[in-house]
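Observations on the three-dimensional arrangement
Spelled out from the first residue to the last, the chains are:
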Amino acid sequence: TVPLSILKSNMIEFHPPLPKNKQTAIQTIGMDAGMKIILSFSKRFWSKRMMGFLTKHQIGCGWTPGKLPKNGTNRFLTCFIMGDNAKWFSSLTQQEKKQQCLLELDEMFPPKKATKHFVQMYCMDWSKEPYIQGAYSYPSRNTIPPTGPTMRERLAEPINDQIFFAGEATATNHPATVHGALESARTAIRYMLKLSNRG
């Protein structure tokens, strides 16, 4: 269930080596840097109707996490930064991250409403976590070949009914999600239980 990025980095050594089709699946499915930056404000200064937003700079996209939950506190914005933008953000100090976020949000909500009402910031940078090193998998080129199993399906295949794989990168219905990871784990466990019942 380790992240795909860890398998890509060869941090785990397999003896004997993983089968060629498994190695191909690992290297084909994409996974890059990613982070979430959560900003809290003293008041909501955006429209009540706003659920998400896009910027034309480094943040990329974000949403209002307090809008949908019942009795949610709608004073937060979550910035979802991926790929090259996340790599660039990762090189910044916390202060520089904050300044960049407020700069972009101030441009969207003049006159500098984000800076005026800013309270605090929390950053989750998955690429800097030594046992994660990335965000979510994505379907890069050849992840879904014209015929045969997809790379996600190949990654999910057990090896000799002894080594089992699960995690969001192996999920076919909901990849890149927590519930996709849970579904893949349930599938692997059911298969293991089926094997044990045979014995």
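Criteria and thresholds
Residues numbered from 1 in each chain as written. Predicted model: local features only at pLDDT ≥ 70, side-chain atom pairs only at ≥ 80, totals over all residues. Heavy atoms only, no water. Helix = DSSP H or I, 4+ residues; strand = E, 2+ residues; numbered from the N terminus. Contact = heavy atoms within 4.5 Å. 1 Å grid on protein atoms, 1.4 Å probe; cavity = no way out; pocket = protein on both sides within 12 Å on 5 of 7 lines; lining within 4 Å. Points joined across faces, edges and corners; volume = space filled by probe spheres on them. Nonpolar A, V, L, I, M, F, W, Y, C, P; charged D, E, K, R; others polar. Patch = residues over 30% accessible without salt bridge, like charges linked within 9 Å, V, L, I, M, F, W, Y side chains within 5 Å. Areas by Shrake-Rupley, 256 points an atom, 1.4 Å probe, with all protein chains shown as cover. Salt bridge = Lys/Arg side-chain N within 4 Å of Asp/Glu carboxyl O. Buried < 20%, exposed > 50% of the residue type's maximum accessible area, 1.4 Å probe, protein only. Core = buried A, V, L, I, M, F, W, Y, C linked by side-chain atoms within 4.5 Å.

Remarks on the environment of glycine 60
With respect to the secondary-structure elements, glycine 60 resides in the loop between strand 3 (52–54) and strand 4 (61–63). Spatially, the C-alpha atoms of glycine 60 and glutamate 104 are 9.8 Å apart, while their sequence positions differ by 44 residues. Excluding residues that lie within four positions of it along the chain, glycine 60 makes contacts with Phe53, Leu54 and Thr55.

With respect to the environment of leucine 4
For leucine 4, the location among the structural elements is in helix 1 (residues 4–8). Taking the C-alpha atoms as reference, leucine 4 lies 9.4 Å from alanine 135; in sequence the two are 131 residues apart. Here leucine 4 is in contact with Ile26, Ile29, Gly30, Met31, Ser137, Leu155 and Ala169, once residues within four sequence places are set aside.

Quick look at the layout of surface pockets
Each pocket or cavity is described by its volume, and for the largest pocket that value is around 420 Å³. Contributing to the lining of the largest pocket are 25 residues, with Thr1, Val2, Pro3, Gly167 and Glu168 lying nearest its centre. Elements that contribute at least two residues to the lining of the largest pocket include exactly helix 1 and helix 7 (178–198). Residues of the lining of the largest pocket, tallied by class, amount to 20 nonpolar, four polar and one charged. Approximately 340 Å³ is the volume attributed to the second largest pocket. Taken together, the residues that form the lining of the second largest pocket break down as seven nonpolar, six polar and three charged.

Here we look at a nonpolar patch on the surface
A cluster of nonpolar residues, Val2, Met11, Ile12 and Tyr131, forms a patch on the protein surface that exposes about 390 Å² of accessible area. On the secondary structure map, isoleucine 12 appears in the loop between helix 1 and helix 2 (20–28).

Focus on unusual backbone geometry
The amide bond that connects histidine 15 to the next residue, proline 16, takes the cis arrangement and shows omega of 0°. For proline 16, the location among the structural elements is in the loop between helix 1 and helix 2. Here the bond from proline 110 into proline 111 is cis, since omega is -5°, no more than 30 degrees from zero. Among the structural elements, proline 111 can be located in the loop between helix 4 (94–108) and helix 5 (113–117). Here alanine 176, not a glycine, exhibits a phi torsion of approximately 65°, which is positive. Secondary-structure assignment places alanine 176 in the loop between helix 6 (151–156) and helix 7. Classification of alanine 176 by relative accessible area gives partly exposed; the value is 25%.

Thoughts on the nonpolar core
Residues Ile37, Leu39, Phe41, Cys79, Ile81, Phe89 and Leu105 are the most contacted members of the largest nonpolar core, which totals 23 residues. Broken down by secondary-structure element, the contributors of at least two residues to this core are strand 2 (34–41), strand 5 (76–82), helix 3 (83–90), helix 4 and strand 6 (118–125). In terms of residues, this core owes the most to one element, strand 2, which gives four residues. Formed by twelve residues, the second largest nonpolar core is a distinct cluster that contains Leu7, Ala25, Ile159 and Phe165.

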